[in-house]
Amino acid sequence: MQGTAVGRAVDLTLLRSYDELISELEKMFEIEGELRSKDKWAIVFTDDEGDMMLVGDDPWDEFCKMAKKLFIYSSDEVKKMSSKSLLDDECTMVQLEPDQRTVKL
């Protein structure tokens, strides 16, 4: 999955929590149960300013307002990124549409 660009979408306005988002992503990628475990994959997002944060660190409503893109990285890759940009490495990127709060996969 890592390094794969995909063209699917999830409308965040139809979801009510991080659990629902993770379930939706797992169904789309046919990796049920893998995104919930922090030891294999990590989901991060960029905000309006391009800052990257881990998904789940902010209240759901706040996340929905500020998230612009989602990235799915291996947990090992996230650990290595303390001193460099997350955007420099291969990952699965998810684009969020600003008008509909939609996640494009």
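Residues numbered from 1 in each chain as written. Predicted model: local features only at pLDDT ≥ 70, side-chain atom pairs only at ≥ 80, totals over all residues. Heavy atoms only, no water.

- As annotated in an unreviewed UniProt entry, the protein chain carries the name Auxin-responsive protein and comes from Brassica cretica.
- The heading Sequence similarities (unreviewed entry) in the UniProt record of the protein chain holds the text "Belongs to the Aux/IAA family."
- The protein chain has a UniProt comment under Subunit (unreviewed entry) that states "Homodimers and heterodimers." (UniProt positions renumbered as here; feature names shortened; annotations may be inferred.)

1. Looking at the packing of aromatic side chains
Move 1: Summed over all chains, the structure comprises five aromatic pairs.
Move 2: The interplanar angle of 85° and the centroid separation of 5.1 Å between the aromatic rings of Tyr18 and Trp60 together place this pair among those described as edge-to-face. Taken together, the residues Tyr18 in helix α1 (residues 18-29) and Trp60 in helix α2 (residues 60-66) connect sequence positions 42 residues apart. You'll find Tyr18 and Trp60 in the same group, each marked buried.
Move 3: Taking 5.2 Å as the distance between ring centres and 50° as the angle between the ring planes, the aromatic pair formed by Tyr18 and Phe63 counts as tilted. Here Tyr18 is found in helix α1, whereas its partner Phe63 is found in helix α2, with 45 residues between them in sequence.
Move 4: Taken together, the aromatic side chains of Tyr18, Phe45, Trp60 and Phe63 make up a single cluster linked through ring pairs. (Phe/Tyr/Trp six-rings, centres within 6.5 Å; stacked < 30°, edge-to-face > 60°. Helix = DSSP H or I, 4+ residues; strand = E, 2+ residues; numbered from the N terminus. Buried < 20%, exposed > 50% of the residue type's maximum accessible area, 1.4 Å probe, protein only.)

2. A closer look at the layout of surface pockets
Move 1: The calculated volume of the largest pocket comes to roughly 180 Å³.
Move 2: Every residue along the wall of the largest pocket is listed here: Tyr18, Ile22, Leu35, Lys38, Trp41, Ala42, Ile43, Leu54, Val55, Gly56 and Asp57.
Move 3: For the lining of the largest pocket, the secondary-structure elements that each account for two or more residues are α1 and β2 (41-46).
Move 4: In terms of residue count, β2 provides more of the lining of the largest pocket than any other element does, three residues in total.
Move 5: Split by residue class, the lining of the largest pocket holds eight nonpolar, one polar and two charged. (1 Å grid on protein atoms, 1.4 Å probe; cavity = no way out; pocket = protein on both sides within 12 Å on 5 of 7 lines; lining within 4 Å. Points joined across faces, edges and corners; volume = space filled by probe spheres on them. Nonpolar A, V, L, I, M, F, W, Y, C, P; charged D, E, K, R; others polar.)

3. Brief notes about α1
Move 1: Helix length check: α1 (twelve residues) gives 16 Å between terminal C-alpha atoms against 16 Å at 1.5 Å per residue, within 8%.
Move 2: Within α1, the full set of buried residues consists of Tyr18, Leu21, Ile22, Leu25, Glu26, Met28 and Phe29. Down the axis of α1, the buried set is contained in an arc of 165°. They therefore lie on one face.
Move 3: Taken from the residues just after α1, Glu30 is the one with a positive phi, measuring 55°. (Expected span 1.5 Å × (residues − 1). Arc of directions from axis to C-beta.)

4. Re unusual backbone geometry
Move 1: Positive phi values are uncommon outside glycine, yet Glu30 reaches one of about 55°.
Move 2: Within the fold, Glu30 resides in the loop between α1 and β2.
Move 3: Classification of Glu30 as exposed rests on a relative accessible area of 68%.

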